[in-house]
Every structure is written in C-alpha cells, then in structure tokens.
Amino acid sequence: MTPQLTVDIIKRLGQTTLEMRFTAEAEILVLFGPSGAGKTQTLQAIAGLSTPDSGQIRFDDAIFFQRMPGKPVVNLPARKRRIGYVFQQYALFPHMSALENVAFPLGRRRDARDRAMELLERMHLAHLAQRMPHELSGGQQQRIAIARALAAEPHILLLDESFSALDRPVRERLHEEIRMVQAERRLVVLYVTHNLDDAFAVGHRLAVVRNGRIEQIGRINDVFTRPANRHVLDILGIPNAMNARVIETGPSGSLLDWDGIFLEAPPIDTPPGAEITAYIRPEDIRLVYPDRSLSRMVLHNHLEGIVVERRLERHMYRLRVALPDGRPIEVIYPSSLYATMNLTPGERVRLALRKESIVVIAPRERVSPPVGTILSERMHDAGAIDPASSSLT
Amino acid sequence: MNWPAFWLSLQVNAIASIMILVAGLLIALMLVRTRFRGKILLETVIMLPLVLPPSVIGYYLLLAFGRGSPLFEWFNIRILFTWQAAVAASVVVGIPLMVQSSRAALANVDPVLENAARTLGASELRILWRVTLPLARRGILAGVILGSARALGEFGATLMITGNIPGRTQTLPVAIYDAVQAQRYADAHLMVLVMTGLALAGLLLARQLEPAPQYRRADDAESSV
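All values reported here derive from a predicted model rather than from experimental measurement.

**Comments concerning the overall build of chain B**
The secondary structure content of chain B amounts to eleven helices and zero strands. Seen in sequence order, chain B has helices and strands lined up from the N terminus as α-α-α-α-α-α-α-α-α-α-α. Seen through its principal axes, chain B has C-alpha atoms that stretch 75 × 45 × 25 Å.

Written out as structure tokens, the structure reads:
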C-alpha cells in the first residue's frame with residue numbers, strides 16, 4: 001500500500017490566510033513560491049509545531065489534526081507524529097556530539113548508539129561521530145540533521161529550505177542523498193524551497209504556492225509546460241505573459257487583441273470577447289532577417305521593436321526588446337544563431353511570434369474578494385469557530 | 001575567628017543555595033513559559049527584596065513565621081529564633097538574582113532546537129532536561145552563585161528573626177557585628193577578610209559564567225561534505 005498524506009487546512013496568518021489542500025504520496029513534492037507564501041507554515045502545521053484554525057491532516061489512517069464540524073477535535077502532539085523535520089539552520093543540539101545528536105530520538109534504547117552509528121555511516125559521516133556541531137561545516141551539519149531525523153524512523157520527511165544556505169556542489173550531493181533515502185524508505189517528502197533549480201534537481205511533483213494557497217500542483221514538467229494562470233507564470237519566472245482579449249476563434253486558429261497588437265494564436269475554447277492570459281516562451285520567438293524571404297514558420301505576428309539589452313548566458317543570448325509603446329519582450333536564442341545581425345542596444349529588430357507557440361492559459365481570473373470575506377464565508381461553511389478554544393496545544 | 005559562626009554560615013548557605021536553585025528555576029520557567037494576568041506584578045514582587053531595607057524583609061518574615069500566621073498555626077512551622085530562620089532570610093534575598101539570571105538564560109535558548117526535539121519524539125520533560133536546561137546552564141549557574149553570594153552576606157533580616165544566639169543562630173555577618181560591638185577587632189578583621197574572599201570568589205565565578213559564548217555559526221565553517 002502506498003502511504004498517503006492528506007492536508008486540508010485553514011489558518012489565519014496576520015494579513016493572509018493559509019488555505020492548503022493537497023495530497024502527497026511516496027514522492028518528493030516541492031513546495032515552491034515566494035517567501036511569506038505560507039510554505040513553512042504548512043510544514044509546521046503538518047509537523048504539529050503550529051495548530052491550524054480548522055481542517056484536517058491525515059496520514060493513512062492516522063489523524064494528526066482534525067477540527068471539523070461534527071467530528072471530534074484531534075491534535076496529535078508533534079512527538080507522536082513521527083515526522084522528520086530538517087530545518088534551514090540545521091538545529092543540531094550544540095551541546096551534543098554528532099553521535100549524541102543522532103542518538104537523541106532513540107532515547108534509552110539499548111542499541112541507540114549502534115543504530116546512530118549505522119546512520120552516520122549511511123550518511124558517510126562515521127569519522128565525525130565525536131565532533132561537536134560547531135566543529136563541522138554546514139554541509140556536514142545538515143547531513144547529521146538528516147541522519148538524526150531518519151533515526152526516529154519517520155514516514156514523512158519535511159525539508160524546510162534545508163539546503164538553501166549551502167554551496168551548490170554540496171547542495172547537489174545532498175539532493176542525490178535525499179532522492180536515494182526517499183526511494184529506499186518510501187518516504188513522503190515535502191521539500192520547501194524558493195529556488196527553482198532545487199525544485200528541478202530533487203522534485204517529482206511541484207506545488208506552486210502563493211498567498212497561502214496552491215496555485216497549481218502537478219509533475220514539474222507539466223507545470224512548466226502548462227502553467228495554470230498568470231500567477232504561476234510570474235512565480236516560475238516565465239516572461240512574455242500577456243493579458244489579451246479574444247476577437248474571434250475558429251477551427252484553424254484565433255485572433256487576440258493584446259492591448260492594440262493583434263496576434264494570431266492556435267484555436268481556443270473561449271468565446272470572443274473573453275479576457276485571457278497567454279504567453280510565449282522567449283526561445284520560441286524568432287528574429288526576422290530584413291533581407292531574406294520569410295520561411296513559412298514565421299509568417300504571422302510580426303512585431304517591431306528596439307533592442308534594449310543583450311546578455312550572454314552560457315550558450316545563449318538573452319535579448320530584451322522594447323515594442324514602440326515600451327512593452328518589453330524577451331527573446332532567447334542560441335549564441336550560434338543570427339551571427340550576421342547587429343543586435344546591440346538601440347538597433348531596430350523584427351520579431352516573429354510563431355502562431356503555434358502562443359500558449360493560451362485559462363480565462364483570466366476574476367479579481368478575488370478581499371481576504372476577510374473569504375475567511376468569514378469559510379468560517380460559516382466550516383461551522384462557527386470559537387476563538388476562545390482555538391488554542392489546542 | 002568565630003568558628004561556630006563560620007560553619008553555621010556555610011550550613012545555612014548550602015541549604016539556602018539548593019532552595020534558591022530549585023525555587024528560582026521554577027519561578028523563572030513559569031515566567032518564561034506562561035502568560036497570565038498579573039505576571040508583571042508577580043515579577044516585581046519577586047524583585048522587591050533587592051531594594052527593600054533588610055529590616056522590612058525581617059519584619060515580613062516575623063509576620064510570616066510568627067504566632068498567628070498560617071505557616072505557624074496550620075502547618076506548625078516554628079522556625080523563628082532557630083538557624084532555619086536564617087535559611088528563610090537567605091532564600092528570600094537570594095531568589096531575585098537567581099530568577100533574573102536564569103530567566104534570561106532560558107529565554108535565550110533557540111526555540112527551533114526545542115521544536116526539533118519535539119519532532120524527534122521527545123516529551124516536554126525530556127526536552128527541558130536534555131535540551132533547554134543544558135543550554136541555559138551557564139546562566140542558571142551564574143544565578144545560583146550570585147544568589148548564594150548575596151545570601152551569605154545576609155545580615156539585617158537574619159539579625160531580626162534568628163535572635164543572634166552565639167553558637168546556635170549566629171551567622172558570620174552577625175558575628176562580625178557582635179565582635180565590633182564588643183571591640184574584639186582582631187576577630188572582626190579575620191572574619192571580614194573571610195567574607196570578602198568568599199564574596200570575591202563568588203562574583204568572579206559568576207562573571208566567568210555569565211556571558212555565555214555564542215555558538216559559532218556554521219556559515220563561516222568550510223562547506224565541504
């Protein structure tokens with residue numbers, strides 16, 4: 001049977017409301033989003049270090065937390081949830097050696113030292129067993145913190161920006177380690193980060209978190225190729241997003257009005273008049289040679305602009321172009337391409353936005369009501385929440 | 001040198017120190033961990049012996065342990081004019097210093113470490129014993145030493161409630177007063193030196209302990225795995 005963690009909670013946090021709803025299985029699920037989005041709060045609620053206002057957290061048959069109308073209130077203390085939590089600042093006990101740290105969750109078990117030693121060996125740290133935390137590098141400390149978390153034999157492992165203070169090569173090795181441990185023990189791993197490279201390096205699935213909610217969750221590649229909305233585009237750092245209006249649509253394609261610029265796009269379901277969000281990847285934009293005949297691929301959507309900036313990134317150029325009204329467009333092309341064109345800032349260029357490359361994502365969201373109303377409606381739904389008894393710890 | 005007074009002072013101080021440690025630590029924990037109405041008032045009352053004249057403290061203790069008080073009538077505690085009364089006076093004047101120092105030390109323990117211990121399956125009692133107290137130990141020790149050094153020098157209240165019976169309730173500070181009154185200056189000299197030496201040693205020790213060295217951040221260690 002595959003383990004399953006189900007989270008469905010609401011918690012008021014100052015200005016925003018945490019409203020998390022997702023399931024995770026034996027996998028590495030990356031929670032990605034800007035800081036303050038509620039990622040850490042979510043982990044803390046799962047671990048039992050903070051108490052949600054209402055909802056339910058379940059792992060298989062065990063209820064960690066429950067506060068729902070018509071059901072008994074449950075709030076299992078953190079120590080009984082068997083969740084490994086790896087903090088950003090390692091959180092090793094500074095007055096205990098590496099070995100004592102790893103043996104801590106094993107308590108008075110007679111084989112505590114042997115088992116702790118085994119885990120240190122597993123993390124390739126046996127030679128450092130007697131060192132104190134302050135004698136170890138950041139990477140070593142974090143390995144010990146992982147070994148310590150695993151010593152408690154958790155079913156769930158929570159990594160809270162655990163590697164973000166570490167150098168890139170160290171981080172890469174730890175990612176590898178986490179993937180191996182996850183597979184070996186079939187753990188449910190939640191990995192919080194604000195670094196996209198990390199998300200790609202370690203994750204199976206990605207949840208894009210913003211303002212206390214999940215905007216989109218899915219396999220990492222799917223989220224990237226099919227972002228659900230404008231927020232996801234922004235958070236993932238995908239440029240060239242556009243808000244446009246549908247003018248007409250048919251079986252062969254549609255016509256969009258992007259604030260005065262008409263673009264041909266693939267066929268879409270949305271009726272004419274609808275407001276939609278679309279984007280085009282910078283690598284899907286072609287430059288048009290002024291002196292050559294156009295290939296069939298780039299017949300549509302020609303725009304004129306002026307080069308603002310050109311940067312070399314590894315094997316590619318990143319070109320920033322301003323349209324006549326100042327709207328920016330980003331283009332990425334291999335450094336071997338367009339060698340004969342002068343693309344220094346100030347030069348005039350023609351861009352071709354291939355029709356097939358314009359991706360229309362869902363109709364634009366309506367402006368969401370202020371947080372207060374959402375909360376009070378929810379409270380209503382969930383049955384009245386008595387503020388006096390809201391602290392369960 | 002008045003040896004009976006010296007030994008009595010040590011005995012009183014040893015017992016008082018243990019009581020200061022236990023009671024002071026419990027109060028400090030309560031002040032750090034809990035919130036309740038009137039907390040500020042309680043804190044202030046605990047600090048009061050630092051500024052009150054010793055005679056006022058002595059007077060309160062006479063009331064607390066004298067005929068008609070709950071301790072006397074209901075619990076049958078009759079310690080006035082015994083050496084145990086000197087212990088009571090010592091504890092009252094020593095506790096404020098203990099509470100101050102250990103409270104700061106407890107509040108300084110990184111809550112992330114306590115949370116880490118929670119996720120690792122430790123009970124609150126085990127966290128207190130294995131994580132919080134060991135990490136606060138310097139401040140706690142400094143508090144005990146300061147408190148017991150203050151208690152060792154207790155004079156005014158002790159004089160009022162022990163009755164100054166030589167050989168039975170007379171502590172060193174009171175014996176010094178007695179010696180000076182009786183113009184036995186050689187005696188007084190020696191005892192004054194002993195008191196000064198003890199106080200100096202206590203303060204130096206406390207000073208050594210107090211500013212707990214910061215744990216070196218891992219950031220500046222080499223990051224090699």
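**Remarks on the overall build of chain A**
For chain A, the helix and strand inventory stands at nine helices and 21 strands. Counting only residues that meet the buried cut, chain A has 38% of its 393 residues in that class.

**Re the domain arrangement of chain A**
Residues and elements named next belong to chain A. Splitting chain A by domain gives domain 1 (5-234) and domain 2 (235-363). Each of domain 1 and domain 2 has a C-alpha centre, and these two points are 40 Å apart. Every contact between the two is made by 14 residues of domain 1 and, on the other side, nine residues of domain 2. Its residues assigned to classes, the side of domain 1 that touches domain 2 comprises eight nonpolar, three polar and three charged.

**With respect to the sheet that holds strand β17 (residues 302-313) of chain A**
All names here are of chain A. Ordered in space as β16-β20-β17-β18-β19, the five strands form an open sheet in which the pairing is antiparallel. Bordering the open sheet on either side are β16 (285-287) and β19 (328-334), each of which pairs with just one other strand. Going across the sheet, the axis of each strand differs from the next one's by a mean of 45 degrees, ignoring polarity. Examined bridge by bridge, β17 and strand β18 (residues 316-322) share seven bridges and lie antiparallel to one another. Bridge pairing in β18 links Glu309 to Arg320.

**Some words on the pairing of β19(A)**
Residues and elements named next belong to chain A. In the sheet, β18 pairs with β19 via seven bridges, with the strands oriented antiparallel. Paired with Arg320 across the strands is Glu330, a residue of β19. Hairpin geometry of β18 and β19 is characterised by an intervening segment of five residues between the two adjacent antiparallel strands and by a positive phi of about 95 degrees at Gly326.

**Description of the environment of B:Ala116**
As for its position among the elements, B:Ala116 is in helix α6 (residues 111-119). Not counting the four nearest positions on each side in its chain, B:Ala116 is found in contact with A:Tyr85, A:Phe87 and A:Ala91.

**Thoughts on the interface of chain B and chain A**
Counting residues at the interface gives 22 residues for chain B, matched by 31 residues for chain A. Tallied by class, residues from the side of chain B that touches chain A come to twelve nonpolar, six polar and four charged.

Each value, and the rule that gives it
Residues numbered from 1 in each chain as written. Chains lettered and ligands numbered in written order. Predicted model: local features only at pLDDT ≥ 70, side-chain atom pairs only at ≥ 80, totals over all residues. Helix = DSSP H or I, 4+ residues; strand = E, 2+ residues; numbered from the N terminus. Buried ≥ 20, exposed ≤ 12 C-beta atoms within 10 Å, placed from the backbone. Domains from an automatic or database assignment. Contact = placed C-beta atoms within 7 Å. Nonpolar A, V, L, I, M, F, W, Y, C, P; charged D, E, K, R; others polar. Pairing = 2+ DSSP bridges. Axes fitted to C-alpha atoms, helices over the stretch in contact; angles between N-to-C directions.

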